[in-house]
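Observations on chain architecture
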Amino acid sequence: QVQLVESGGGSVHPGGSLRLSCAASGFPFSRYVMSWFRRAPGRERVLVANVIPANTTTYLLDSVKGRFTALRDNDKNTLYLQMNTLRPEETAVYYCSPDSATWGQGTQVTVSS
């Protein structure tokens, strides 16, 4: 069955960096557009980035442009999100998904001074 395991979250100060990973299995990862989403407390899940199989980012949320980079390694079935200059309002649970309907447990990112 499909498994998505997000990791790499944590607590950082504003301006800090984190690198999230999403280990995927149970489906042909290299054929799927992979996405990062986040859900802030009390808010709906928001699309952050899409990465096509050729490792090109085809969508990036406007507010993260220039600070976040989404990458994938098809050999390792893993999706990454490098997040720099983090802001408090980006505190959220971050998820990856191949279809916007299948989810892992997510990884918590807390940005606070």
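Before reading on, note that the structure itself is shown above.
Quick look at the structure, then. (Residues numbered from 1 in each chain as written. Predicted model: local features only at pLDDT ≥ 70, side-chain atom pairs only at ≥ 80, totals over all residues. Heavy atoms only, no water.)

Side note on the sheet that holds strand S6 (residues 57-60)
Our working rule: DSSP calls a pair of strands paired once it identifies at least 2 bridges connecting them. Comment: elements are numbered from the N terminus, with helices defined as DSSP H or I runs of at least four residues and strands as E runs of at least two. A fitted line through C-alpha atoms represents every axis, and for helices the fit uses only the stretch in contact; the resulting angles, taken between N-to-C directions, go from 0 to 180 degrees.
Read across the open sheet, the six strands follow the order S2-S10-S9-S4-S5-S6; overall the sheet is mixed. Taken across any chain shown, the strands that pair with only one partner, and hence form the sheet edges, are strand S2 (10-12) and S6. Pairwise comparison of adjacent strand axes, ignoring direction, gives a mean angle of 25 degrees for this sheet.

Section: the pattern of salt bridges
Charged atoms that come close allow side chains of opposite charge to pair. Note the threshold: What makes a salt bridge here is a side-chain nitrogen of Lys or Arg within 4 Å of a carboxyl oxygen of Asp or Glu, nothing more. Here the term buried applies to any residue with accessible area under 20% of the maximum for its type, exposed to any over 50%, and partly exposed to those in between, with areas from a 1.4 Å probe on protein chains only.
Inspection of the entire model under this criterion finds three salt bridges. A salt bridge links Glu90 to Arg38; the nearest nitrogen and oxygen atoms lie 3.6 Å apart. Of this pair, Glu90 sits in the loop between strand S8 (78-83) and strand S9 (92-97) while Arg38 sits in strand S4 (residues 34-39); the two residues are 52 residues apart in sequence, bridging distant segments of the chain. Exposure remark for Arg38: the relative accessible area of 10% places this residue in the buried category. For Arg67, the salt bridge identified is with Glu90, shortest N-O distance 2.4 Å.

As for unusual backbone geometry
Of note in this structure, Asn55 is not a glycine but carries a positive phi near 65 degrees. Counting through the fold element by element, Asn55 comes out in the loop between strand S5 (45-51) and S6. With a phi close to 50 degrees, Thr85 is a non-glycine residue in the positive phi region. Tracing the backbone through its elements, the reader meets Thr85 in the loop between S8 and S9.

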